[in-house]
Structures are given as structure tokens and as C-alpha cells.
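Listed below, chain by chain, are the residues.
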Amino acid sequence: MKTIICKDYDEMSKKAAEIITKQVKEKPDSVLGLATGSTPIGLYKCLIKEHKENGLDFSKVKTVNLDEYVGLGEKDDQSYIYFMRDNLFNHINIKKENTHVPESNKEDLKLDTEKYNKLLDDIGTRDIQVLGIGVNGHIAFNEPDDKLNLRTSIVDLTEETIEVNSRFFEKKEDVPTKAISMGLEDIFDAKCIILLANGKSKKEAIDKILNGKFVDTNFPASLLHLHPNVVLIVDEEAYNG
Ligand code: PGA
């Protein structure tokens, strides 16, 4: 795992944006795997700036997202499709039909996962996958467990994740308890994975990855050691505490 230590969140975001900008310039029809959460917001701001100021062209780019809460529609401002439109898609020249966020409305959960797996199979290998990390080591919504899903599945969120994510909702009871999430095989199918982490709250998780020297499904991010091309971009707070 290659590690880039940045002085702060802005530098982390810029570094990640540089890698993605280079990728899109070199291969205009790149397939990008994208993530939600507070971590990649700065990266998306940098990409919007690249588009607006330097004409970075997203017209042929395709994107697939990692996960979505079950039961929140696209108009719900806490849904991840809303987040992606609000923080990136509405501000660049990407075609709506080229953007993909898993959907699950509670009616037929199995069909929802099958649909997303088919989409992933059809769209092919991602050139870059952006990942955040949960304080409990989750990647996408693959929560710590004795077994991890290989493909897109419906997952129960852990109490810890519900607690952490409740900061975005009016009250904790509003946080959905289930999500649809890409599995480990799907995540690993990307040619390059950019793992982003910033802030003190991520220090313990980053320490486990860098110094742990183990893989453990009860700390899903540790499995990233098995991927040949992971770039960890971390700020000093997450690196040093
Ligand atoms: P965050 O979430 O970016 O909001 O910290 C990361 C994650 O849970 O994967």
C-alpha cells in the first residue's frame, strides 16, 4: 500500500483530485468508483474546480457508487444519490445516464442487489475506486463481521455506524438500519483504489492498517492489503493523532 501523508484535509483532497484528473485526461471514458460521506467532499470540490476553470471533461466518464441506504428515495437529502448530485454530478458535464448509485426501496431487496451486480458486470473494471473508511474499519457498508459479502448485498448497519452517521440526521431514529452495498470482490475489481482518511477520529483505524500487519474480516479495511494497487492518502491528524 502506497501512503501519501498530507498536512491537512485540503491537501488530501487536492492530491486525490490530481490522480483522478490525470486519469480522466489520459482516458476520457474512464470508469470511476465513487464514495459518499464527509471525507470525499473536498475531492469533489476540487474536481468541480478543474471542470469549471480548466475544462476537465466528464462527458464520457461513467461512475458507479459504493452504497445507498435502503428506503430513502432520491429526493431525500440524506440519500446518497442526492448527495452525489448535490456535491458533484450537478456541477460537472457528466451525463446523468452514466452515473450509477445502487437503489433499494424495500420492495424487492434481492432484485435490487441483482440489478446492481448486473450493472457492475456490464460496466466492467473501474479505473479508480475512491474509498473512505469507517471508524470501525468498514469500507462501503461492509461492516466488521466473521464473513464479508463478495458481491452487492443488503447489509444491517452496526450500532456504531448508526451512531456515527446520526450526525447527518435530525435524530438517531431517522438513520436507516439497512443499506445496499457493493461487496469486497466488486471493490477489489478496481485497477486502483484511493483510500482517503482525515481527522483524529480515523487515527486508530489508520494505525491498524499501517501497523497491524494482518487481515481480518472484523476490520474490513485490513483486506485492502491484498489489493496490488492501493494509495492511502491521509492527513496528519489521521496519521499522527
Ligand atoms: P465519512 O465516512 O467520510 O463520513 O467519515 C466514511 C465511511 O463511513 O466510510
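Structure report, in brief.

Criteria and cut-off values
Residues numbered from 1 in each chain as written. Predicted model: local features only at pLDDT ≥ 70, side-chain atom pairs only at ≥ 80, totals over all residues. Heavy atoms only, no water. Near = heavy atom within 4 Å. Polar contact = N/O pair within 3.5 Å; in protein donor to acceptor, adjacent residues only side chain to side chain. Areas by Shrake-Rupley, 256 points an atom, 1.4 Å probe, with all protein chains shown as cover. Nonpolar A, V, L, I, M, F, W, Y, C, P; charged D, E, K, R; others polar. Helix = DSSP H or I, 4+ residues; strand = E, 2+ residues; numbered from the N terminus. Buried < 20%, exposed > 50% of the residue type's maximum accessible area, 1.4 Å probe, protein only. Pairing = 2+ DSSP bridges. Right-handed = clockwise from strand over helix to strand, strands pointing away. Expected span 1.5 Å × (residues − 1). Contact = heavy atoms within 4.5 Å. Phe/Tyr/Trp six-rings, centres within 6.5 Å; stacked < 30°, edge-to-face > 60°. Axes fitted to C-alpha atoms, helices over the stretch in contact; angles between N-to-C directions.

### A closer look at the site of the ligand
In the vicinity of the ligand, the residues found are Gly 37, Ser 38, Thr 39, Gly 132, Ile 133, Gly 134, His 138, Arg 167 and Lys 202. Note that an oxygen atom of the ligand is positioned 2.4 Å from one of the side-chain N or O atoms of Thr 39. One of the side-chain N or O atoms of His 138 is found 2.7 Å from an oxygen atom in the ligand. Contact with the protein chains hides 83% of the accessible area of the ligand, taken as 280 Å² for the molecule alone. For the shell around the ligand, the class distribution of residues is 1 nonpolar, 6 polar and 2 charged.

### Describing unusual backbone geometry
With the exception of glycine, the majority of residues adopt a negative phi angle, and the majority of peptide bonds are in the trans configuration. In this model, Ala 140 sits at a positive phi of 50°, which is unusual for a non-glycine residue. Residue placement: Ala 140 occurs in the loop between strand S6 (128-131) and strand S7 (153-156). Note on Ala 140: relative accessible area 8%, which makes it buried. One non-glycine residue, Lys 213, lies in the positive phi region at around 50°. Checked against the element boundaries, Lys 213 lands in the loop between helix H7 (203-212) and strand S10 (230-235). What makes Lys 213 exposed here is its relative accessible area of 71%.

### Focus on the pairing of strand S9 (residues 192-197)
Among the 6 residues of S9, 6 are classified as buried, and the element is accordingly described as predominantly covered. On S9, burial covers both faces: Cys 192, Ile 194 and Leu 196 on one face and Ile 193, Leu 195 and Ala 197 on the other are all buried. Here S9 pairs with S10 via 5 bridges, running parallel. Pairing of Ala 197 across the sheet is with Val 234, part of S10. Handedness of the crossover joining S9 and S10 through H7: right-handed.

### A few points about helix H4 (residues 109-123)
With 15 residues, H4 should reach 21 Å at 1.5 Å per residue; the first-to-last C-alpha distance of 21 Å fits that figure. Tucked inside the fold, the buried residues of H4 contact strand S2 (31-34), strand S3 (62-65), strand S5 (99-100), S7, strand S8 (178-181) and helix H6 (184-188). Remark: Gly 124 follows H4 within two positions and exhibits a positive phi of approximately 85°.

### Structural notes on the packing of aromatic side chains
By the definition in use, this model includes 4 aromatic pairs. Seen in terms of ring centroids, Tyr 80 and Phe 141 are 6.1 Å apart; in terms of plane orientation they differ by 15°. Their pairing is stacked. Of this pair, Tyr 80 sits in helix H3 (residues 80-87) while Phe 141 sits in the loop between S6 and S7, and the two are 61 residues apart along the sequence. According to the relative accessible area criterion, Phe 141 is buried, its value standing at 3%. Clustering of aromatic rings is evident, with ring pairs tying together Tyr 69, Tyr 80, Phe 141 and Phe 169.

### Description of the sheet that holds strand S1 (residues 2-6)
In a beta sheet, neighbouring strands are held together by backbone hydrogen bonds and run either parallel or antiparallel to one another. The strand order S1-S10-S9-S6-S2-S3-S5 describes an open sheet built from 7 strands, whose pairing is parallel. The open sheet is flanked by S1 and S5, the only strands paired with a single partner. Here 4 bridges tie S2 to S3, and the two strands are oriented parallel to one another. Looking at S3, one finds that Leu 34 is bridged to Asn 65.

### What to know about helix H2 (residues 41-54)
For H2, spanning 14 residues, the distance from its first C-alpha to its last is 19 Å, which sits close to the expected 20 Å at 1.5 Å a residue. Turning to H2, its buried residues number three or more, namely Gly 42, Leu 43, Tyr 44, Cys 46, Leu 47, Ile 48 and His 51. Once H2 finishes, Gly 55 follows within two positions and takes phi at roughly 70°, a positive value.

### Looking at the sheet that holds S8
As summarised here, the arrangement of the 3 strands in space is S4-S8-S7, forming an open sheet in which the pairing is antiparallel. Pairing within the sheet leaves two strands with one partner each, and these edge strands are strand S4 (67-69) and S7. Strand-to-strand, the axes of this sheet are offset by a mean angle of 30°, without reference to chain direction. Of the pairings in the sheet, the one linking S4 to S8 comprises 3 bridges and is antiparallel in character. Pairing of Asp 67 across the sheet is with Ser 181, part of S8.

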